[in-house]
Amino acid sequence: MNNHKAEMDPAVQREYWSPLLELSTQEVFALMLGERLDISPAPPCISDLDVTSMVGLAGSLCGLLTLRCSSTSAVLMAIKMLGTDATSAKGQMEDAVGEVCNMIAGNFKNKISGFGDTCKLSVPTVITGSNYNLCTLADDYTMEINLRFHENPLVISLQLNR
Amino acid sequence: MDNISVLIVDDSSVMRKIVERSLRQAGIDLSQVFEAGNGLEALAVLNERKVNLVLCDINMPAMDGLEFVKQLPKVENARGIPVVMITTEGSEGHVVQALSAGARGYIRKPFTSDQVKEHIVPVLAGNQ
């Protein structure tokens, strides 16, 4: 079954990937933060997303996984992960969001058949601020999942080369 | 599991804290916790300190976890110390690579404290 999927046309395979990406995200939040994310009915206002974490994928699967959220959400993630207060968590915000993005990328990669050993992940990069343009060459295929974390928007995007 | 000294190697300080908390939640009594941000820093710690257990990420800058495990036998203080990988790289190939290089266990992120207990307790028991 798994081998069969790995041999399928990439476009067909990717139909299965969006629910797996959402599951990968939900698992990371459930296991590492003790939280469940809600599905957002609509995309958020971009200016609300002032923290961006990115993990690159290279090899058999080439692209970029991004997690975008508000700084309020990012601090809350650090609070939940560290079990600490907001003051202590603020200084760990970037590290926490980077690690969440890293775990989502790894968890997703491990769920899709045939890519675990042949796709490498980069260490995470985190941008703070919303006034930027992100240009990636991996723009053949994009999937985006709009979620809410404690009523704050959180967007997971996967951009891939063919 | 009493008086265990541990070295936690991960480039994320948040993850190092989570791993430490998970070990405590798993009922492991930690007497000392040392931290390192990559394999090179970990080797430097082990040159100075004796520990009972090393928990190590794979994807890290400077020196990754697989290279760290390969280098470990060269450190006199570290011979025989069990290393358990704790990483997002969960493919079968990575597990085989890590175990072949000398790791004694493998935990995939994300993880629960129950999973930490399940993997770490037998490793510590086997080393006592």
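Look above for the structure.
I will try to describe carefully the structure that is included in this document. (Residues numbered from 1 in each chain as written. Chains lettered and ligands numbered in written order. Predicted model: local features only at pLDDT ≥ 70, side-chain atom pairs only at ≥ 80, totals over all residues.)

Our next topic: the overall build of chain A. Counting secondary structure elements, chain A contains 6 helices and 7 strands. For chain A, the sequential pattern of α-helices and β-strands runs α-α-α-β-β-β-α-α-α-β-β-β-β. A buried classification covers 40% of the 162 residues belonging to chain A. Counted over contacts in chain A with a minimum sequence separation of 6, partners at least 24 positions apart contribute 64%. (Helix = DSSP H or I, 4+ residues; strand = E, 2+ residues; numbered from the N terminus. Buried ≥ 20, exposed ≤ 12 C-beta atoms within 10 Å, placed from the backbone. Contact = placed C-beta atoms within 7 Å.)

This part is about the overall build of chain B. Counting its regular elements, chain B contains 5 helices and 5 strands. Reading the helices (α) and strands (β) of chain B from amino to carboxyl end gives β-α-β-α-β-α-β-α-β-α. The C-alpha atoms of chain B give a radius of gyration of 13 Å, which matches the 14 Å a tight globule of 128 residues would have. Seen through its principal axes, chain B has C-alpha atoms that stretch 30 × 30 × 30 Å. Burial statistics for chain B: of 128 residues in total, 45% are counted as buried. Sequence separation of at least 24 residues holds for 65% of the intrachain contacts in chain B that already meet a minimum separation of 6. (Rg over C-alpha atoms; globule rule 2.2 N^0.38 Å.)

What follows is about the sheet that holds strand 4 (residues 83-87) of chain B. Residues and elements named next belong to chain B. Across the sheet, 5 strands lie side by side as 2-1-3-4-5; this open sheet has parallel pairing. Strands at the two margins of the open sheet, each flanked by one partner only, are strand 2 (30-36) and strand 5 (105-108). For this sheet, the mean angle separating the axes of adjacent strands, direction not counted, is 20°. Relative to strand 4, strand 3 (residues 53-56) is paired through 3 bridges, and the arrangement is parallel. What sits directly across from C56, in strand 4, is M85. (Pairing = 2+ DSSP bridges. Axes fitted to C-alpha atoms, helices over the stretch in contact; angles between N-to-C directions.)

Time to look at the interface of chain B and chain A. Every contact between the two is made by 21 residues of chain B and, on the other side, 23 residues of chain A. Of all the elements in the fold, those that place two or more residues in the side of chain B that touches chain A are helix 1 (13-25) and helix 4 (92-101) of chain B. Looking at which element gives the most residues to the side of chain B that touches chain A, the answer is helix 1 of chain B, with 6 residues. Residues belonging to the side of chain B that touches chain A are distributed by class as follows: 6 nonpolar, 9 polar and 6 charged. (Nonpolar A, V, L, I, M, F, W, Y, C, P; charged D, E, K, R; others polar.)

Below, the discussion takes up the pairing of strand 7 (residues 152-160) of chain A. Residue and element names in this part refer to chain A. Of all 9 residues in strand 7, 7 are buried, a share of seventy percent or more. The pairing of strand 3 (residues 63-69) with strand 7 spans 7 bridges and is antiparallel. Considered in strand 7, the bridge of L64 is made with Q159. For strand 6 (residues 141-149) and strand 7, the ladder comprises 9 bridges, and the chain directions are antiparallel. Of the residues in strand 7, the one forming a bridge with E144 is S157. Remark: 2 residues form the turn of the hairpin made by strand 6 and strand 7, two consecutive strands paired antiparallel; H150 in that turn has positive phi of roughly 55°.

What follows is about unusual backbone geometry. Residue and element names in this part refer to chain B. Look at the link from K109 to P110: it is a cis peptide, with omega at 0°. With respect to the helices and strands, the residue P110 is situated in the loop between strand 5 and helix 5 (113-127). Phi is positive for N3, which is not a glycine, with a value near 50°. As for its position among the elements, N3 is in the segment before strand 1 (4-9). Residue classification places N3 among the exposed residues on the basis of 10 C-beta atoms within 10 Å.

Time to look at the nonpolar core. Ranked by size, the top nonpolar core spans 75 residues in total, and within it A78(A), I104(A) and L55(B) carry the most contacts. Considering every element that reaches this core, the biggest residue donor is helix 6 (residues 93-111) of chain A, with 9 residues. If near-sequence neighbours (up to four positions away) are discounted, A78(A) is found in contact with A89(A), Q92(A), M93(A), A96(A) and V14(B). (Core = buried A, V, L, I, M, F, W, Y, C linked by C-beta atoms within 7 Å.)

For the rest of this paragraph, the subject is the packing of helix 4 (residues 71-82) of chain A against helix 1 of chain B. Following both chains from N to C, one finds helix 4 of chain A and helix 1 of chain B inclined at 30°, their axes separated by 9 Å at the closest point. Compared by their axis directions, helix 4 of chain A and helix 1 of chain B come out roughly parallel. In contact with A78(A), M81(A) and L82(A) of helix 4 of chain A, helix 1 of chain B contributes V14(B), K17(B) and I18(B). By residue class, the composition of the contact of helix 4 of chain A with helix 1 of chain B is 5 nonpolar, no polar and 1 charged. (Parallel < 35°, antiparallel > 145°, perpendicular 65-115°, else oblique.)

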